[in-house]
Amino acid sequence: MKVLYTYCILLISIGLNAQGSISGNFSPAKDFKWLIAYELTPGGEKYTADTAVKEGSFKLEMPINAQPGMYRLVYAVPQNEFYIDVIYDKKEQVKFNFNIQDGLTITNSEENKWFNEYFAKITTAQDRLMEFYEKGNESKKEFTDIIKELKTIQKSYEENHTNTIAHKFIKANRSYLPEDYEDLETFLKHKKKHHFDNLNLNDPILQGSNFLTDKIASYVFSALPSDIATNNALDIEIIKNVKTAADFIKNTPINFQTKALHQIWEIAETNTMGSVQDYIFTNHLKKLAIANGNQKMVDDIESSTRLRVGAKSPEITWEANGKKHALSTMEKAENYLLVFWSSTCSHCLKELPELHKELKGYDSLKVLAIGLEDDEINWKKVSATLPNFSHAIALGKWESEYAHTFKIQSTPTYFILDSEKRFIAKPESDKEVVEFLDN
């Protein structure tokens, strides 16, 4: 009997420490070469394993000490754009097919199937509800049917998938649903009031994923009055929501607060909401990032703020013909073009002569070309072939003051300014420069 007991304990021990895997197929095969798995933790992405993708197929052997949770599978760069998130529970071997056109299909993992199936169904039903309101529909029967469907989906998945990782997300996604018909204004008011009711901020798996931060960002940018008429009014309401969201997460770990508020800041940046960006950074994000030891985030945001559309360009000074010159005192023009280039950059040597030729007829434009150089010798020779441009030099190349001030990471880099020397465009090429000026 003792031998049998020992044998059972051994089997249990082996089961608890079994090595699992994540495998699958990518299509088109030629577009995929490698895959890296990261565990999503409250402290950020934690490297777990990597593998080559051969002829579209891969198998990631997960380490024995890999913890159950959400994992991010990165298949291209930039890593924050090209990834797949899957649940790995150490019980199932996860398998899937991924096609660039059709997306993800789970072929082996009931938990991942439940997870994706639930969010697909609940999103479709929620879209039906919003479509009901958008059409001005007042049919109480149709409204009741939609609400009943939403409640049925939620209850079914919550009850049938307890004790799973997927259940954490399903339960946290439960949203406000009225018992009786409500007009749009009343519904939005109640939905906003109850937005955070089911979010478990203390769950480390939820903290590590994008789920909670997406929910918080959704509140900030979607829980808004329906009668906002101006951009200024919109910014004011969003800033109110930022305050509420920041207060809601104030007792969570600093790294989670930083992640959540940085995501909101990035959405505001994408939508050119300067006052919202400034509020978030000044009142919350800067001190959180510093406390979290992330000075790079602070530097990047300050740089982005300095260079964003609508901001006045930092000063640039140079000497020519024995005289001192400055961007701020350049001859009045309708537009100014800043070109950061290098006389040792092959792309620059191809683009700048073409651009110089194209811009000859633009009388209302002044061009300032700033050479990022190690020395003056080659720069003097090449810049002399571009006589219609004003020329400044930044010795030290990538480590020069202007390279840091203007966050130059490649050459050539272009900025177009208005008559007051405020940024109005950041073209990617000489052709985009001309296209912008022509339009």
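Refer to the preceding data block for the structure.
Every value quoted in this text rests on a predicted model; they were computed, and no experiment measured them.

Cut-offs used in this document
- Every chain's residues receive numbers from 1 upward, in the order its sequence appears when written.
- Totals for whole chains, interfaces and linings use every residue, but because this is a predicted model, local features are given only for residues with pLDDT of at least 70 and side-chain atom pairs only at 80 or more, for both listing and counting.
- Remark: hydrogens and water are excluded; side-chain values derive from all non-hydrogen atoms of the structure.
- By this definition, two strands are paired if DSSP reports at least two bridges between them.
- Helix and strand assignments follow DSSP, with helices taken as H or I runs no shorter than four residues and strands as E runs no shorter than two, numbered in order from the N terminus.
- Where helices are involved, their axes are fitted lines through C-alpha atoms of the stretch in contact, as for all axes, and angles between N-to-C directions lie from 0 to 180°.
- Only Phe, Tyr and Trp rings are paired, with Trp represented by its six-membered ring, and only when their centres lie within 6.5 Å; those with planes under 30 degrees apart are stacked, over 60 edge-to-face, the remainder tilted.
- Three labels apply to residues, based on accessible area from a 1.4 Å probe with only protein chains included: buried if under 20% of the type maximum, exposed if over 50%, partly exposed otherwise in between.
- What counts as a salt bridge is simple: a side-chain nitrogen of Lys or Arg found within 4 Å of a carboxyl oxygen of Asp or Glu.
- Our angle categories are set so that under 35 degrees counts as roughly parallel, over 145 as roughly antiparallel, 65 to 115 as roughly perpendicular, and the remainder as oblique.
- The hand of a helix crossing depends on one turn: near helix anticlockwise from the far one by less than a right angle means left-handed, and clockwise means right-handed.
- By the convention used here, residues are in contact when the closest approach between their heavy atoms is within 4.5 Å.
- Just so you know the grouping, Ala, Val, Leu, Ile, Met, Phe, Trp, Tyr, Cys and Pro go in nonpolar, Asp, Glu, Lys and Arg go in charged, and all remaining residues, Gly too, go in polar.

Draft legend 1. The arrangement of the sheet that holds strand 2 (residues 34-41) in detail. Strands sit in the order 3-2-5-6 across an open sheet of 4 strands; the sheet is antiparallel. Each of the sheet's edge strands pairs with one partner strand only, and the pair in question is strand 3 (44-52) and strand 6 (83-88). Between one strand axis and the next, the sheet turns by 30° as a mean value, whatever way the strands run. Direction of pairing for strand 5 (residues 69-74) relative to strand 6: antiparallel, over a ladder of 6 bridges. From the neighbouring strand, G69 faces strand 6, where its bridge partner is Y88.

Draft legend 2. Representation of the packing of aromatic side chains. Applying the stated criterion across every chain, the model contains 30 aromatic pairs. With 6.3 Å between their ring centres and 65° between their planes, F119 and F211 make a pair best called edge-to-face. Here F119 is found in helix 2 (residues 110-134), whereas its partner F211 is found in helix 7 (residues 211-222), with 92 residues between them in sequence. By relative accessible area, F119 is classed as buried at 19%. An angle of 90° between the planes, with centres 5.6 Å apart, marks the rings of F169 and F211 as edge-to-face. Within this pair, whereas F169 is found in helix 4 (residues 165-172), its partner F211 is found in helix 7, the two being separated by 42 residues in sequence. When its relative accessible area of 1% is taken as the criterion, F169 is described as buried.

Draft legend 3. Structural context of the pattern of salt bridges. Here the structure, examined in full by the defined rule, presents 21 salt bridges. Note that D300 and K296 form a salt bridge whose closest N and O atoms lie 2.7 Å from each other. Of this pair, D300 and K296 both sit in helix 11 (residues 295-307), separated by 4 residues, roughly a single helical turn. Taking the relative accessible area as the measure of exposure, K296 reaches 58% and is therefore exposed.

Draft legend 4. Spotlight on the packing of helix 10 (residues 274-291) against helix 11. In contact at an axis separation of 8 Å, helix 10 and helix 11 are set at 155° when each is read in the N-to-C sense. In this view, helix 10 runs roughly antiparallel relative to helix 11, as classed from their interaxial angle. Between helix 10 and helix 11 lies a crossing of left-handed hand. Counting all contacts with helix 10, which are made through D278, F281, L285, K286, A289 and I290, the residues of helix 11 involved are Q295, M297, V298, I301, E302 and T305. Partitioned by chemical class, the residues of the contact of helix 10 with helix 11 number 7 nonpolar, 2 polar and 3 charged.

Draft legend 5. Main features of the side chain of S313. Checked against the element boundaries, S313 lands in the loop between helix 11 and strand 9 (317-320). With residues up to four places along the chain from it excluded, the contact list for S313 reads L327, L338, F406, L417, K421 and F423.

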